[in-house]
Amino acid sequence: MESKRIKLTHSPFTVLVEGNIGSGKTTFLNYFKQYNNICTLAEPIELWKNCGGYNLLSHLYEDRERWGFTFQSYVQLTMLQQHTFKTDCAIKLMERSIYSARYCFVEKMIRDSVLPAPSASVIDEWFKWATSSAMCDVDLIIYLRASPEVVYKRMRERNRQEEKTVQLEYLHEMHEMHENWLYYKTMFTCPAPVLVVNGDLDKSVIVEEYQKVTPSIFNKCLSVPS
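The model shown is predicted, which means the values in this text are computed figures rather than measured ones. (Residues numbered from 1 in each chain as written. Predicted model: local features only at pLDDT ≥ 70, side-chain atom pairs only at ≥ 80, totals over all residues. Heavy atoms only, no water.)

Novice: Quick question: what am I supposed to make of the nonpolar core here?
Specialist: Trp48, Phe71, Ile98, Tyr99, Ile141 and Trp181 are the most contacted members of the largest nonpolar core, which has 47 residues in total. Ranked by the residues each element gives to this core, the list is headed by helix H5 (residues 98-111), at eight residues. Not counting residues within four places of it along the chain, the set of residues in contact with tyrosine 99 comprises Leu16, His83, Cys104, Phe127, Thr131, Cys136, Val138, Trp181 and Pro191. In this structure, Leu29, Ile91, Ile142 and Val213 belong to the second largest nonpolar core, which totals 22 residues. (Core = buried A, V, L, I, M, F, W, Y, C linked by side-chain atoms within 4.5 Å. Buried < 20%, exposed > 50% of the residue type's maximum accessible area, 1.4 Å probe, protein only. Helix = DSSP H or I, 4+ residues; strand = E, 2+ residues; numbered from the N terminus. Contact = heavy atoms within 4.5 Å.)

Given below as structure tokens:
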């Protein structure tokens, strides 16, 4: 397939790919790697698994109360690095963002009383500074909407060591957080328009959904003023 080229006349058109654990975010990004004018930034999981030699992701799943603040502080830093990543490409696709980190995962910890109020305040101050300093601009959000039962099955099949303790109940709860933020829009605000994609579809047919989304991304990019 011949790659499309778009002349870069403005900052990269930034697209956030959001969704629950196992909703197909990595598969979505991999599909768009065929376009040489799109920069794809995967969720920096490897950094979370090796911060100075410490696997913070594993620590989090083992003891959320002990490691919640440490983990989310580092997530916020690494996601900010993704938002500010420089590229000559016309489009930048990011797997998750500083917004979903705060609005879904940190918020869940606050509601579960896992994250003490003083710790949440520190994260919030950093979040407000980052998002108000025009470093986290977003143009479009792709929400891979998948049912908890489907993502639980996928999670078990990929068998990541750090995810072995994740229960279906937690995936249901995180699904609700994403739904309220991106689908029903009853929780927080969306920093950009949201395009919903059926994340329940099998890999054998999901490409057709990606093909439907592709024109929306390119056309919206071309409509952005320089």
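Having seen the structure, we can now continue with the description.
Novice: I would appreciate a short explanation of the UniProt feature "domain: Deoxynucleoside kinase" (unreviewed entry) in the protein chain in the present structure.
Specialist: UniProt annotation of "domain: Deoxynucleoside kinase" (unreviewed entry) refers to residues 16-216 when read in the numbering used here. Structurally, residues 16-216 comprises 54% helix and 12% strand, and the distance from its first C-alpha atom to its last is 14 Å. (UniProt positions renumbered as here; feature names shortened; annotations may be inferred.)

Novice: Looking at this structure, I do not really get the packing of H5 against helix H8 (residues 168-183). What am I missing?
Specialist: Describing two packed helices takes the angle between their axes plus the distance from one axis to the other. At a minimum axis distance of 10 Å, the contact between H5 and H8 shows a crossing angle of 130 degrees. By the criterion of interaxial angle, the relationship of H5 to H8 is oblique. As H5 packs across H8, the resulting crossing turns out to be right-handed. Counted together, Tyr99, Ser100, Tyr103, Cys104, Phe105, Glu107, Lys108 and Arg111 of H5 and Tyr170, Glu173, Met174, Met177, His178 and Trp181 of H8 form the full contact between these two elements. Taken together, the residues of the contact of H5 with H8 sort by class into eight nonpolar, two polar and four charged. (Axes fitted to C-alpha atoms, helices over the stretch in contact; angles between N-to-C directions. Parallel < 35°, antiparallel > 145°, perpendicular 65-115°, else oblique. Left-handed = near helix turned anticlockwise from the far one by under 90°. Nonpolar A, V, L, I, M, F, W, Y, C, P; charged D, E, K, R; others polar.)

Novice: When you look at the pairing of strand S4 (residues 140-145) in this model, what are you seeing that I'm missing?
Specialist: A regular strand places its side chains on the two faces of the sheet in alternate fashion. Among the six residues in S4, five count as buried, and that is most of the element. When strand S1 (residues 13-19) meets S4, the two strands line up parallel, connected through five bridges. By the bridge assignment, valine 17 is partnered in S4 with isoleucine 142. (Pairing = 2+ DSSP bridges.)

Novice: Quick question: what am I supposed to make of the environment of serine 100 here?
Specialist: Within the element layout of this structure, serine 100 appears in helix H5. Judged by relative accessible area, serine 100 falls into the buried class, the value being 0%. When residues no more than four places from it in sequence are discounted, the contact partners of serine 100 are Glu18, Phe105 and Trp181. A polar side-chain atom of serine 100 sits 2.8 Å from a polar atom in the side chain of glutamate 18. (Polar contact = N/O pair within 3.5 Å; in protein donor to acceptor, adjacent residues only side chain to side chain.)

Novice: Looking at this structure, I do not really get the sheet that holds strand S5 (residues 194-198). What am I missing?
Specialist: One key point about sheets: their strands pair by backbone hydrogen bonds, in either a parallel or an antiparallel sense. With parallel pairing, the five strands of this open sheet are ordered in space as S2-S3-S1-S4-S5. The sheet is open, and its two edges are formed by strand S2 (38-41) and S5, each paired on a single side. If you compare each strand with its neighbour and ignore which way they point, the axes differ by 20 degrees on average. Relative to S4, H8 is tilted by about 140 degrees, and along the sheet it contacts S1, S4 and S5.

Novice: What exactly am I supposed to notice about the pairing of strand S3 (residues 91-95) here?
Specialist: Burial runs high along S3: five of the five residues are buried. What you see with S3 is no split at all: Ile91, Leu93 and Glu95 on one side and Lys92 and Met94 on the other are buried throughout. The pairing of S1 with S3 spans five bridges and is classified as parallel. Bridge pairing in S3 links threonine 14 to lysine 92. Direction of pairing for S2 relative to S3: parallel, over a ladder of four bridges. Residue pairing for S3: leucine 41 is matched across the bridge by methionine 94.

Novice: Honestly, the pattern of salt bridges in this entry has me stumped. Any pointers?
Specialist: Taken as a whole and judged by the stated rule, the model has 15 salt bridges. Where glutamate 43 meets arginine 96, a salt bridge forms, and the shortest distance between an N and an O atom there is 2.7 Å. Remark: arginine 96 occurs in the loop between S3 and H5 and glutamate 43 occurs in the loop between S2 and helix H2 (45-48); sequence separation between them is 53 residues. Across the pair glutamate 46 and lysine 49 runs a salt bridge, and its minimum N-O distance is 3.7 Å. Judged by its relative accessible area of 57%, glutamate 46 falls in the exposed class. The structure contains a network of salt bridges with shared partners spanning Arg64, Lys108, Asp112 and Glu173. (Salt bridge = Lys/Arg side-chain N within 4 Å of Asp/Glu carboxyl O.)

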